[in-house]
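One letter stands for each residue in the lines below.
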Amino acid sequence: MGSSHGGYLANLCAKISPWVVDAIIDNSSYTLTPLAYLGFAKEIDYVKNYENYINYSENIDLFLFTKSFWTSNQYSPCYFSNARKNIRDILNYEHLKLQSSYRKIPYISYHSIYDTIAPFKDKKELYGFLGELGFDVCLYEINCEKQIDGRLIKNLNHGLGMSIKTLVKKHLPQILQEPLKDKTCKKEISYKCDDLIYTFKEENEQIVLSILNSN
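Values in this document were obtained by computation on a predicted structure and should not be read as measured data.

Asker: Can you tell me about the state of the cysteines, naming the residues and giving the values?
Answerer: What we call a disulfide is simply a covalent bond connecting the sulfur atoms of a pair of cysteines. Under the defined criterion, the tally for this structure stands at zero disulfides. A disulfide-free cysteine, Cys78 has its sulfur positioned 18 Å from the sulfur of Cys193, the nearest such atom. Judged by its relative accessible area of 26%, Cys78 falls in the partly exposed class. By relative accessible area, which is 1% here, Cys193 ends up buried.

Asker: Got a sec to walk through the pairing of strand E5 (residues 106–112)? Specific residues and values, please.
Answerer: Among the seven residues of E5, seven are classified as buried, and the element is accordingly described as predominantly covered. Residues Pro106, Ile108, Tyr110 and Ser112 of E5 are buried on one face, and the alternating residues Tyr107, Ser109 and His111, pointing to the opposite face, are buried as well. Sheet topology places strand E2 (residues 24–27) next to E5; four bridges connect them, and they run parallel. Note on E5: the bridge partner recorded for Asp26 is Ser109. Crossover handedness for the path E5 to helix H5 (residues 120–132) to strand E6 (residues 136–142): right-handed.

The rules we used
Residues numbered from 1 in each chain as written. Predicted model: local features only at pLDDT ≥ 70, side-chain atom pairs only at ≥ 80, totals over all residues. Heavy atoms only, no water. Disulfide = S-S within 2.5 Å. Buried < 20%, exposed > 50% of the residue type's maximum accessible area, 1.4 Å probe, protein only. Helix = DSSP H or I, 4+ residues; strand = E, 2+ residues; numbered from the N terminus. Pairing = 2+ DSSP bridges. Right-handed = clockwise from strand over helix to strand, strands pointing away.

Okay, here's the thing in structure tokens:
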């Protein structure tokens, strides 16, 4: 579970190790790879893809980025190709279809339609796919001030002003009361992304990744 980027990581955990995760509870997570947080988006458009922004003074604006090995240079071994983006996308129907062949876990999410960081339309499309594939889904669409209760939902912005502690207290007890589902399944999953095949498997209680070229 988590909010914003934490919620995205929770969904990513369910993708790469579906035999481990029992449920997803997220608040305002994005569903597509957040390029701004990969450290190279400044090469594309540093004004649009910054991680943090500070209006330092009347004449100075600071755009902040994390340094990483990823690059937009297609001739570099660290080129962030379309395949490397696809494996990080949650909103990928073919990948979700493969994930659904393991366990149908519950998905719970809160999201404002006015979210300017994580578009609501993407979350709605994701939950449509999940429901179609047989997952138990519940998407709370926050669309008006009447839904602001001052306890769980405090505003209509990204994150809804929501406390993780309050979110946990609302949904976790119910999930813990559900009977445990059979986890007997192959502890390995492979996703084809263009020219690459990503395989995640559990060995010695750790998740191990191998990447092969499919050509």
